[in-house]
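A closer look at the structure
This is what each chain is made of:
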Amino acid sequence: MRHVAQRPAIKHHKPLTEPVLLILMSLAAQPRHGYALIKDIEVLSRRRVRLSTGTLYGALRRLLDEGWIERFEQEDTSRDKQAYRLTSEGRRQLELELDRFRELSRAGFARLRLDEA
Amino acid sequence: MDAVFRVLLYLYPQRHRELLGAEMQAVFEQGAQEHRLLGPSQYLRFVLLELGGLVLHAAIAQFANATHRGYLENQVHGTLAPPQDLPDEVIEAQNRLAVNINQLSFAISHHQFVQARFYKNEERKARENLRQMREKYGIGDPQPLP
């Protein structure tokens, strides 16, 4: 039997761009349609980021293509207000990215403490 | 300004426009309405950023379309009818299936067998969903699915 070493999943994970990360974070809480995403991302980023329509839908298209989010119909919305939600793969990718940030900040703080000592 | 935005949407590849154009227009109109109330300078800033962003991202989308053609479209190309002839729901079901096949292949080739089992299940569901969508729209399936 061939032994296959399990590599940590994080090694296969490419860092996400900021708009993509913010979109995934916003959808992690609840499904949203386009304009609600823009408004929520403004709040999430403390008014630092306001995505333009082009940026938002460029990112949404890529995320749909990757299967990280999916569109679905909400009963109270029209066709031009489709809602988006995270798929299980999208949630996994978000967790990987947040783990990466956690590791980075841990390493960064460790260096700072070393410098102070 | 809504009309200018609508015209600039034609800079995007047809697929993108068909899938997301109406939504993009609605989002722009909502944003424009909100910024109009904040005064002329805020509105002008909003319009410039929106139109600039739209042109930039349309160019990126065209470039991606020309060089990549979307791996989803490659996955289904030749086995299914041209996407523009199909309802959005069917196209999305095809895309979902293509994504699952892609993820399944990736998982198998990287010896990630737990994930592979998961994607195999997802693929089965996606295949069934596509079958239902085709049935719903009365689309025949003369050729085997990928």
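Residues numbered from 1 in each chain as written. Chains lettered and ligands numbered in written order. Predicted model: local features only at pLDDT ≥ 70, side-chain atom pairs only at ≥ 80, totals over all residues.

1. Notes on the overall build of chain A
What counts is decided by this rule: Secondary structure elements follow DSSP: runs of H or I no shorter than four residues count as helices, runs of E no shorter than two count as strands, and numbering proceeds from the N terminus. The exposure label follows from counting other C-beta atoms within 10 Å of a residue's C-beta, where the C-beta atoms are placed from the backbone and the thresholds are 20 or more for buried and 12 or fewer for exposed, leaving partly exposed in between.
For chain A, the helix and strand inventory stands at four helices and three strands. Residue burial in chain A is summarised as follows: out of 117 residues, 28% are buried.

2. What to know about the sheet that holds strand 3 (residues 83–86) of chain A
Selection criterion: Each pair of strands is called paired provided DSSP finds at least two bridges between the two strands.
A sheet is described by the order of its strands in space; here three strands give the open sequence 1-3-2 (chain A), paired in antiparallel fashion. Bordering the open sheet on either side are strand 1 (32–33) and strand 2 (69–72) of chain A, each of which pairs with just one other strand.

3. Description of the interface of chain A and chain B
Reports of interface size often rely on the accessible area that becomes lost once the parts have come together. Threshold: Our contact criterion uses C-beta atoms placed from the backbone: two residues qualify when those atoms are within 7 Å. Think of it as three bins: nonpolar holds Ala, Val, Leu, Ile, Met, Phe, Trp, Tyr, Cys and Pro, charged holds Asp, Glu, Lys and Arg, and polar takes everything else, Gly as well.
Contact residues are listed per partner, giving 19 residues for chain A and 24 residues for chain B. Within the residue set of the side of chain A that touches chain B, elements represented by two or more residues are helix 2 (34–44) and helix 3 (53–66) of chain A. Broken down by element, the side of chain A that touches chain B gets its largest block of residues, eight residues, from helix 3 of chain A. Along the lines of polarity and charge, the residues of the side of chain A that touches chain B split into four nonpolar, eight polar and seven charged.

4. Structural notes on the confidence of the model for chain B
Residue and element names in this part refer to chain B. Heads up, the rule is: Each residue carries a pLDDT score, the predictor's confidence in it, ranging from 0 to 100.
Scored by pLDDT, chain B comes out at a mean of 76, with 75% of its residues at no less than 70. The secondary structure element of chain B with the lowest average pLDDT is helix 4 (residues 71–76), at 39, and the one with the highest is helix 2 (residues 14–36), at 90. Every residue in residues 70–83 scores below 50 in pLDDT, and together they form 22 contacts with partners more than four places removed in sequence or on other chains. For this predicted complex, the interface confidence score (ipTM) comes to 0.76, while the overall pTM stands at 0.64.

5. Some details on helix 2 of chain A
An α-helical segment advances 3.6 residues per turn. Residues three or four places apart therefore align on the same side. Residue and element names in this part refer to chain A. Inclusion rule: Throughout, the arc means that of the directions going from the helix axis to the C-beta atoms.
Every buried residue of helix 2 is listed here: G34, L37, I38 and I41. Down the axis of helix 2, the sector holding all buried residues measures 100 degrees, keeping them to one side. In the segment just after helix 2, R46 is the residue with positive phi, at about 55 degrees.

6. Let's talk about the nonpolar core
To be explicit about the condition: Any nonpolar core is a set of buried residues, restricted to Ala, Val, Leu, Ile, Met, Phe, Trp, Tyr and Cys, that join up through C-beta atoms within 7 Å.
Among the nonpolar cores identified, the biggest contains 30 residues, and I23(A), L56(A), L60(A), L63(A) and I69(A) are the most heavily contacted of them. Contributing elements (two or more residues each) for this core: helix 1 (18–29), helix 2, helix 3 and strand 3 of chain A together with helix 2 and helix 3 (40–67) of chain B. Among the elements that make up this core, the one with the highest residue count is helix 3 of chain A (six residues). Excluding anything up to four places from it in sequence, L56(A) contacts G34(A), L37(A), I38(A) and L51(A). If you look at the next biggest cluster of nonpolar residues, it comprises eight residues, including A98(B), V99(B), A126(B) and M133(B).

7. Some details on the packing of helix 1 of chain A against helix 4 (residues 88–116) of chain A
Residue and element names in this part refer to chain A. Defined as follows: Axis definition: a line fitted to C-alpha atoms, over the contacting stretch in the case of helices. Angles run 0 to 180 degrees between N-to-C directions. Throughout, a crossing is termed right-handed when the near helix is turned clockwise from the far one, and left-handed when it is turned anticlockwise from it by less than a right angle.
Interaxial distance between helix 1 and helix 4 falls to 10 Å at its minimum, and their mutual angle equals 120 degrees. The handedness of the crossing between helix 1 and helix 4 comes out as left-handed. Facing L21, L24, M25 and A28 of helix 1, the residues of helix 4 in contact are G90, R91, Q93, L94 and E97. Residue composition of the contact of helix 1 with helix 4, grouped by class: five nonpolar, two polar and two charged.

8. Comments concerning the confidence of the model for chain A
When pLDDT is averaged along chain A, the result is 84, and 83% of the positions lie at 70 or above. A low-confidence stretch, residues 1–11 of chain A (pLDDT under 50), is modelled with five contacts involving residues beyond four sequence positions or located in other chains.

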